[in-house]
Structures are given as structure tokens and as C-alpha cells.
Amino acid sequence: MSHTINMLAKRNIQKYKKHYLIVLIVLLIVSTLIFSSFFIVDNLYQMKKNYHISTYGSWYTRIENIDEQTKKGIEIYSKDYFKDIIKYGYVDFQGKYDNYQVGHIEKNIYSLCRVKIIKGRKIQNDQEILINQKVSKKYKLYDQIEIEGKNYTIVGIIQTANKNLPDIYTNLETYQTKDYYSNMSVLSDNHYIQFNDGNNYQEIEIHYDYNPYGYDQNEIHDQVEKATNQLQQTFEFIIIILFVLFALTSTSLKKRMKEMALYRGIGMTTNQLMMMVMQENMLISFLSILIGLLIGVCVSLGYLYLQSKTYHTFIYQISFKETLFLVLVLMSCIFITILIPIYSSSKNALAGTFDSKKFNYIQVRYKKLKKQTLASLATRELWANKRMNICFYVFVLILSLYGLVYFYQGHPIQTKDQNEQSQVELIMATQKEANLFLKEFSQNDIIINHHYIDEGITMTYREIPQSVYKLCQLYYYQSNKDDLKGRFPQKSHEIVVGNHFNHVILSKEWYPNLKVEANQVTFKGKKYRVESSTSSHNDQGNYLGDDNYEIALDEVKLNEKVIIAGEEYTIVGINENEYYNDSMIYMFEDDLKRFNTSDEYYSGYHWYPIKDVIKVEKFMKKHYKARVYEMVTSDELSVSLFSTLNIPKHLLMLALAVGFILMMFLNYNHIENNYQDYLMYHIIGLSYREIKIKQVWKSIKMFLCTLIPCVFYELILLRGSIDHYFPIAQLMILVGIIFLVYLCVYNIPLLIVLKAHQNEEIRKEDN
Amino acid sequence: MNVILEAKDIVKTYGYEDNKIYATNHIDLQIEEGSFVAIVGRSGSGKSTLLHILAGLVKPTKGEVYLEGKSLYEMNDHTLTRFRRRRMGFVFQFFNLISTQNVLENIVLPIHLDDGEIDDDYLNEIINLLGLEEKKNSFIYELSGGQQQRVALARALASKPAIIFADEPTGNLDAKSSKEVVDLLKIAQRKYHETVILVTHDQEIASIADRVITIEDGKIIQDTNHI
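Being a predicted model, the structure only gives us computed values, none of them experimental.

**As for the overall build of chain B**
Within chain B, the regular secondary structure consists of seven helices and 10 strands. Relative to its 227 residues, chain B shows a buried fraction of 58%. Of all intrachain contacts in chain B linking residues separated by at least 6 positions in sequence, the fraction that spans at least 24 positions is 68%.

Okay, structure coming up:
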């Protein structure tokens, strides 16, 4: 029997090849998108990572991971943890031996540090050391060498993951004494640790910036995020297919009703019928997913090959398990979606065909008959083909709601948690306003900066052109006088600068020939360590590489000259307690007047819960001329309705386009199959114009049905918002688009069909 | 003779209240084994509805149908379907055959669906009887209307049913083919002692039946036995 069902299913696929071809193409497109994006995301991430590691020796700057062997976690940033870092981390002692870097390693973290022993063994006591391949050219295994007056035996030769690691390793565990950890203090963020070994203070530099482990600090977090993104994307694609598939299957089965009734009549049970139709559909689905998988592999391979030129590395790995899982998820989603129409058609095949008089009789209720208008005819037609129309409706409604929400993106009312903090910043306020601000919103953590701001002033320091960030009146020099090295200016053209004044940003834009390798910049024949770098991305968000490098020149010296806006100034004082890298320049008020600065301005900021931000902003606008800026950016906000379904814009457009074409096609199919009804209308007395108007009524009714929930949703949005933000122009565009979509979907197919069949009639008359 | 099919007080209505229409209005009917019964009536008289109810395709609003003593509408859908494919054969006016199957496959489909054994001798016999041996492997679209109805008849006979329901089997055929099909129905009835219920609006075709039941407005107005 199952053989018979199989055979019937296969023959039916041939019979309905047009329908199944469409299903195949739709599923093919979507599965290709799913699989290619799935493979691309995964491998591109790895490629970026490898590129970064090979270029900069690190993948992100901080480490936080678990050693595979010891299962010990490594953490940074907190003072309390430094002890553990030294114990388990890699510490560069800045020691040098014969021009080799000397470091220390704890025996349990070899794998974590990506240190691989290629010859010899691990260190077992503090008399033993490891060397890398570079050093092994000079020394052999079991050679004795002397470092800082102490003898060591080379017990192993190692291979390391990147160039930044030391060349020689001593045993960390036995080398360090406990006292080392007891008196530690952090000098600046996380770069240096000062410790007391009993006699002297020493500084250890911890190279967090150059993560020797090659790990991403937040790898786990990133992987979860990546997986979530992938899942989201997949989910969105799947939702699209399901709508389309549901509509396609429903209309096709409706057409096959009589055939299905015949099967039932000659003795097929409901289950057998369902099995047959299900087999047809699942066969096609499986086939298209399989082909989609193959095309997805090709597409992703091509894309990654092109990307590999940017990243100088090519990775292509496919996880069999994940792919299989995805295929299974897709198949089960498709199964569930088509189950509903298949079940209902199979169950109602008999009654729907043989008992169809029911419908005719119900319609003849003369007493209750209403006057038929074009509008009511439209409603009746919509209702008669409700499955397809409901699919259209749901599709357009979801997109409309998303569109509605999309316009609100970036506005505080969209924030998920209204108690989240947001910054209110006072910019360019007068002194009076600043005092008011302090008085009104007085908080301990409020900071008021007094300075002149003028963008576009350039200066030349040590023959390097830079832009000036902050100019300030000497009057506002607030730091402790003990922090001032040198003296206060006594006459015009003398200035005080911050201790980061020697920090210079080299941009590839200005210095295209800048040589950067392994975190070192060669500038004017001298090598500098890169203090920080900023990466740039193209419009599509693709990583292009780091191109702004901040380097520290030699220390700022007193009496050095700086040319600011063409005039020479002398540095007479250095503020040693400057927090920021973009150092302030303090000068006399008379000097400041030469620059194109406006009045004295104040700025300050304070964090408020988001729900208060707009209140504060309004208050500020009312009382101050100052501009108030709140820090809410669209990145931090999620859209409340679709917070888990954050569809990217291009995907939305794609869905809209595909959906639109499909709706047109489905409706065309429907009208083409029922064109006799339309001709019948014409015969019984509707002009073609009236038939078209009737069709426009359909669009209007669908449009109104869509608009009502949208208006409700809009009201909910407005009600929940603090500010009654109402982007009228954008909303009108959205409403217009919705109407246009319905207008096209219902009318263009009709016009095509009518035109085709009108000609047919004329031809017949000619004959 | 034994009564093979019995219908008791069959009522099928459509619509509600004032607009209620009786497709069959309290029909009682007994059909004897091996008889050839024609149900005639004008279009919309309820004859097709009656046939569908008798064959278990449409559930009546009220009443019961017993085939070989078993109540059709007390069975669940699955049992009824199984019962139908074993004990009943069908010939309809339209949409009679599965277009994706060839002639032979169409004929044995009900048996295959039932996982039944095919009686080769019997099958050859009916194929010969119906003159289909040359068309055995043809597809449906290659056949004329008359040939298609013969295939449908062969399918109806293949499972050796107790009763064959024919719903206007000649409605779509020319006079010659119509006669051919009806004659074959008659031959099948005689040869295999089948009970045949035929619905037609054509009095001439009805005239070859043993018994003619005339229906109007859902009621039996005449029941003539020709034997």
C-alpha cells in the first residue's frame, strides 16, 4: 500500500509540476539565503580573528577565559584579581638577555598561552628555562645560560602563537615569591602593577594590550551573540517561507479538491490521502533544501574567497552537526506549516465536493438578501478566498507593524527598560546656566568643564600637525599645584599642557606609507609602540583594518615650542595629573582671544533614568539656551515589539519584495483560474470599469483592515511614551506604501487577466 | 431475494428556518441483492444527493443507511472508508479517474489502497469483458469519454463489491457510448450478480433497469418494478 502511495505521490509531482516548481524555487531561494549566511557568518568571524591575530598578535585586547587544563579562570580589571593574573598569566619582566625578551610562564597554562613544546619538556623548577625557536639557533637543549646573575638550564624548545611573546621563559610559580603579590597597587588602568619585593618598588608591565593567549576576552559572550544572530536570521527567513508556503499549499490544494474527493471516494482513507500529499510536498521541500544547501555552500565559498583578499587568510569550515540540525529544523517547520492545509483539505475532501450544494443553498436566503453593491461583492469575494487573503493580510500587517516600529527606532520610547540610565549632557552653557544646572540637578558626580572649545584649530608639535582638542583659560587650571611640573605662564605665549601632550595620532589618511607591524609603528625612522588604535569599517560594516594609531613620542619637555594656528607658544608647565589622552592647553585669556572662540562655555553631564531624560530635556530647553544632548543612541535601543526579531533593513526590503511578487503571482493565479466568474459579472451587467472598481474596493477593505491594528499599535506606542513623538511624514509614507501594495496586488493581476481574455473574446468573434 | 441496502427515513436539508430546502424528504428505500435500480428525476430533484447518502459519501441530516446489515453512519470515517473500498464501486459523471495513473493502475488502485490481493483471472476477465485489453497501459488522456467510463466501471468491479453506484455515468457521453456503458453495467450486473444503483435523468437509459425510482422534490413519487 505504501508503495502505491509513493507512486501516486511521485506521479502527482509530475502532474502538478508547475506548482511544485514554484514551491521549489521559493524554498530554494530562502534555503540558499539561510545556508549561505549561516556559513558566511561563521567563517568570516574566524577569518577576522585570524587576520587580527596574525597582524596584531591579538584578538581584542583583554583576556578572560578558562584554561582548558586547570579550569582556572583568568580575570582582569579588578585589583583583587591581579594576584591571580600574575600567578596564571604571562608576565613580561621587561628583562632582557642578550637582546632576547625574557618572560615567565606558569606550567599549567601552556595550552592557554598557545605555547607548544616541540623539543624537551616543561619546566619543573626555577633552575630551568624554556627557549623559543629564535633563541634555539644560538643555544641548544640543556645548555646553561646566565640571566641576571642566575644560572639556568634550557630544558625545552617551544613554539609560540605570536611574535609578541617573550623568547625565554622562566618558571613563574617558583620564581615569584608570595611577597610579590602582597603589596600591589595599580598605577594606571591596567597597564602597570607596582609591587614591593621587600626592598624596592618595581614595576611590572602586564601586556594585556597584547593578549598572548590569542583569545577573545569575551569569546563565550561573542559566540552566544553570534549564535543568537544566526538563529534570529534563520528564524526570520523561516517565517518568510512559512507564510509563502502556507499560501501556496492552500491554494494548490483547493484546486485539487475534486481529485482528492475521488481518491476518498474510491477508498483512500484520510490518513492515506494526507500521507500522499505530504509525501509530495516533503519530497520537494527536501530536494530544494538540499539544492539550497549546495548553492549556499557555493555562494558562501565565493563570498569568503573575495573576503579572503581583504583578510589575507581563507577559512572554510562547515559544522556537519549544525548544518544537519538546521536542515532538520527547516524540514520540521515546513512539515508543521503544510500539515494544517493538508489536514483540512484531506478531511474535507468528500464533504467539500459531494456536499457542495450546501453552499449554493445557503446563499439563497431571499428574505435576508441585502442589496449587492460593488463594495459588498468585494467583501464576499475576499471572504470566499479567505485562506489566501488572510495570508496576504498577515504578511502585510506584520511588515506594517514592523515599519511602524522602525520609524521609532532611535527614540527613547522604544527602550525596553525605561529605568536604564541615560546621560543628559549640557553643552555650551553659560556660567549662569551651568550654575543653574548644578543647582537644579545637583549631584555629586556631576562634572563641569570650563573651557573654550573651537574645532578646526591646528597646531604643530615636533613638526607633526595635529588638531587642537581643548583650549582653556589658565584661570580654570584646577589640578593640584604639586602636579604641575615647571611653572605657571607669566606672560603671553606661554602655556601649560597635559602630560599626554606627547601623544600623537597617526592616521593612514595623513601618512599613507605608515609602516605598522606587530603593534609597532615606524614613524620618521623610529619605532613606536601603538598605544591605541581605532579601526575603520566601510559602509557595509566590513572591517577594513586599523588606520589610526596613537603613539607616545618622547616625554614632553619644558620650554618646547608649539605652533598653534600659526603662532609660536612655549610650554612652561606640564600638568602631570591629566586623565585624558587628549591633553588640555591652558593659556592666558588674552591669548585665547586670538582664536576664533566664542564666549565662555560650560558643560556637564549627569545620568538619569531614561524615563526622566525627556522631562529633564524639556526643562532644560525651557530654562536654558543651552543645547541638551541625551546619549540615547539607536544601537542601545531595541524595538519593543520585535525585540527578539530585530530584522535588518535590507532583509525587510527583501521580504517585502519577495512577498509582494508572490502575492501578485498568487492572486494572478487565482484570478486566472476563476476568470469565468469575472466574465460572468460582465455578462450579467457589470462593465469592465465596474469590475475594476470592485477590485479596488478589495484593496481598500484590506487596507482598512490592516490600518486598524496599526492605529491601535501606534496609540499603544504613544501611550507608553513619555514624549508624544509622532513622525507624521514617515507614517504617511508607510500608510501610502501599504495601500499601494494592496492596490497592486489586487488590481494588476486582474488587468492582465482581463486584457488577455478580452482579446480571446474578440478573437472568437472574429472566427 | 435478500435486501442488500436499506435506507430508513433519509432526510437531508440545506439552509435554515424559512429557507430550509429538503434535498431528500423522509425517504425509505429497500434495494434487493443483484437488482439493477435506476433513480430518475429532474435536475435538482435530489436524486444525486440520495445516491451520495446511500453510498456513504454525504452524511444525511437524519436517518440511517444499512448496507449488508451494517449501519453506514454509525461507522467512523476510517471504518466507513475501508468498508467503501471493499464493498462499493463507483462510476461518476466527471472526475472519474486519476489522470496520473494508467488504465491498469487506475483499475487496481482501490485494491492496492486496501493492501488487497489481486485476482488475476478475474481482472483479466473484466478487462476483456470491457474491451480494455489493448488500452491496458494507456494513460487516461489517451482515452475517449466512453473508454474512460469503461475504465471506471472496471475499477468499480475490480474489488468485487457488493454494490455499484453510478452517478450519471452517461451524462458526458454521446448516445452510442452511453448505450455501450449502460449495456456493460447491465452485463456486469448479470454476470457477477452485482447490485447496481444508477442515477440518471435519461428515461431511455433508465428503461433497461429492473426497477425505476422516480424522485421529485426529495420524495419518491413513483417506484416501478419491471420484473
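**Looking at the overall build of chain A**
A count of helices and strands for chain A gives 20 helices and 29 strands. Classification of the 767 residues of chain A by burial places 48% in the buried group. Residue pairs in contact within chain A that sit at least 24 positions apart in sequence constitute 76% of those at least 6 positions apart. Summed over its atoms, the accessible surface of chain A is roughly 40000 Å², and 56% of this surface lies on carbon and sulfur atoms.

**Some thoughts on the sheet that holds strand β5 (residues 70–71) of chain B**
Residues and elements named next belong to chain B. Pairing within the open sheet is antiparallel, and its four strands lie in the order β2-β1-β4-β5. Two strands in the sheet have a free side with no partner beyond their single neighbour: β2 (21–32) and β5. Relative to β2, strand β1 (residues 3–14) is paired through eight bridges, and the arrangement is antiparallel. Paired with leucine 5 across the bridge in β2 is isoleucine 31. Against the sheet, helix α1 (residues 47–54) touches β1, β2 and β4 (62–67), its axis set at about 55 degrees to β2.

**Notes on the pattern of salt bridges**
By the definition in use, this model includes 21 salt bridges over all chains. Salt-bridge contacts for arginine 121 of chain A lead to glutamate 128 of chain A; the nearest nitrogen and oxygen are separated by 2.8 Å. Note that lysine 179 of chain B and aspartate 183 of chain B form a salt bridge whose closest N and O atoms lie 3.1 Å from each other. In this pair, lysine 179 of chain B and aspartate 183 of chain B are both assigned in helix α6 (residues 175–192), four residues apart and thus about one turn of the helix distant. Classification of lysine 179 of chain B as exposed rests on a relative accessible area of 52%.

**Overview of the environment of asparagine 559 of chain A**
Residue and element names in this part refer to chain A. Tracing the backbone shows asparagine 559 in the loop between β24 (543–552) and β25 (561–564). Along the chain, asparagine 559 and glycine 486 lie 73 residues apart, while their C-alpha atoms are 9.2 Å from each other. Setting aside residues up to four positions removed in sequence, asparagine 559 forms contacts with Thr570, Ile571 and Val572.

**Concerning the environment of glycine 403 of chain A**
Mapping glycine 403 of chain A onto the fold places it in helix α13 (residues 386–408). Considering only alpha carbons, one finds glycine 403 of chain A and valine 735 of chain A, 332 residues apart in sequence, at a separation of 9.8 Å.

**Notes on the confidence of the model for chain B**
Residue-level pLDDT values for chain B average 85, and 98% of them are 70 or greater. Scoring of the predicted complex yields 0.51 for pTM and 0.74 for ipTM.

**Some points on the pairing of strand β7 (residues 144–147) of chain A**
All names here are of chain A. Alternating positions in β7 separate cleanly, Ile145 and Ile147 being buried on one face and Gln144 and Glu146 remaining unburied on the opposite face. Here β7 runs beside strand β8 (residues 150–159); their pairing, made up of four bridges, is antiparallel. Across the sheet, the residue bridging to glutamate 146 is asparagine 151, located in β8.

**Observations concerning unusual backbone geometry**
At tyrosine 142 of chain A, a position not held by glycine, the phi torsion is positive, near 70 degrees. Note on placement: tyrosine 142 of chain A falls in the loop between α4 (133–136) and β7.

**Side note on the environment of valine 26 of chain A**
Mapped onto the elements of the fold, valine 26 of chain A is located in helix α2 (residues 17–56). When the C-alpha positions of valine 26 of chain A and leucine 245 of chain A are compared, they lie 8.3 Å apart, and in sequence the two are 219 residues distant.

**Observations concerning empty space enclosed by the protein**
Regions of empty space are outlined by a rolling probe, equal in size to a water molecule, passed over the atoms. Residues and elements named next belong to chain A. Scanning all chains against the criterion turns up five cavities of 30 Å³ or more. Size it by volume and the largest cavity reaches roughly 100 Å³. Forming the walls of the largest cavity are Phe243, Val244, Ala247, Cys391, Phe392, Phe395, Gly659, Leu662, Met663 and Leu666. Per element, the largest residue contribution to the lining of the largest cavity is four residues, and it comes from helix α17 (residues 649–673). Along the lines of polarity and charge, the residues of the lining of the largest cavity split into nine nonpolar, one polar and no charged. Taken domain by domain, the lining of the largest cavity gets at least three of its residues from each of domain 1 (1–57 + 215–358) and domain 3 (361–416 + 634–767).

**Looking at the sheet that holds strand β3 (residues 36–41) of chain B**
All names here are of chain B. Taken in spatial order, the six strands make up an open sheet running β6-β7-β8-β3-β9-β10, and their pairing is mixed. Looking at strand neighbours, the two that pair on one side only are β6 (88–91) and β10 (219–225), the edges of this open sheet. Taken over all neighbouring pairs, the strand axes of this sheet differ in orientation by 15 degrees on average, direction set aside. Of the pairings in the sheet, the one linking β6 to strand β7 (residues 163–167) comprises four bridges and is parallel in character. Directly across from glycine 89, in β7, lies its bridge partner isoleucine 164.

**Topic: the confidence of the model for chain A**
All names here are of chain A. Taken over all residues, the pLDDT of chain A has a mean of 70, while the share at 70 or more is 58%. Ignoring residues within four places in sequence, the model shows residues 174–220, a span with pLDDT below 50, making 136 contacts including any to other chains. Scored below 50 in pLDDT, residues 358–369 shows 11 contacts in the model against residues more than four places distant or in partner chains.

**A word on the side chain of threonine 270 of chain A**
Looking at where threonine 270 of chain A falls in the secondary structure, it is placed in helix α9 (residues 270–311). You can call threonine 270 of chain A buried: its relative accessible area is 10%. Within the structure, threonine 270 of chain A has its side chain in polar contact with the side chain of aspartate 77 of chain B (distance 2.8 Å). When residues no more than four places from it in sequence are discounted, the contact partners of threonine 270 of chain A are Arg264, Ser346 and Lys347 of chain A together with Asp77 of chain B.

**A short note on the packing of α9 of chain A against helix α10 (residues 320–354) of chain A**
All names here are of chain A. Two elements in contact, α9 and α10, have axes separated by 9 Å at closest approach and are oriented at 150 degrees. Overall, the two elements α9 and α10 adopt an arrangement that is roughly antiparallel. Between α9 and α10 lies a crossing whose hand is right-handed. Split by residue class, the contact of α9 with α10 holds 18 nonpolar, five polar and one charged.

**So, the interface of chain B and chain A**
Taken together, the contact pairs 35 residues of chain B with 31 residues of chain A. The contact between chain B and chain A buries some 3100 Å² in all, and 61% of this surface belongs to carbon and sulfur atoms. For the pair chain B and chain A, the number of links is two salt bridges. A salt bridge links arginine 264 of chain A to aspartate 77 of chain B; the shortest N-O distance between them is 2.8 Å. Counting across the interface, chain B meets chain A through eight residue pairs in polar contact (both at pLDDT 80 or more). Going through the elements one at a time, β1, α1, α2 (77–87) and α3 (103–113) of chain B are the ones with two or more residues in the side of chain B that touches chain A. Split into classes, the residues belonging to the side of chain B that touches chain A amount to 14 nonpolar, 12 polar and nine charged.

Rules of the game
Residues numbered from 1 in each chain as written. Chains lettered and ligands numbered in written order. Predicted model: local features only at pLDDT ≥ 70, side-chain atom pairs only at ≥ 80, totals over all residues. Heavy atoms only, no water. Helix = DSSP H or I, 4+ residues; strand = E, 2+ residues; numbered from the N terminus. Buried < 20%, exposed > 50% of the residue type's maximum accessible area, 1.4 Å probe, protein only. Contact = heavy atoms within 4.5 Å. Areas by Shrake-Rupley, 256 points an atom, 1.4 Å probe, with all protein chains shown as cover. Pairing = 2+ DSSP bridges. Axes fitted to C-alpha atoms, helices over the stretch in contact; angles between N-to-C directions. Salt bridge = Lys/Arg side-chain N within 4 Å of Asp/Glu carboxyl O. pLDDT = per-residue confidence, 0-100. 1 Å grid on protein atoms, 1.4 Å probe; cavity = no way out; pocket = protein on both sides within 12 Å on 5 of 7 lines; lining within 4 Å. Points joined across faces, edges and corners; volume = space filled by probe spheres on them. Nonpolar A, V, L, I, M, F, W, Y, C, P; charged D, E, K, R; others polar. Domains from an automatic or database assignment. Polar contact = N/O pair within 3.5 Å; in protein donor to acceptor, adjacent residues only side chain to side chain. Parallel < 35°, antiparallel > 145°, perpendicular 65-115°, else oblique. Left-handed = near helix turned anticlockwise from the far one by under 90°. Buried area = accessible area lost by both parts, 1.4 Å probe.

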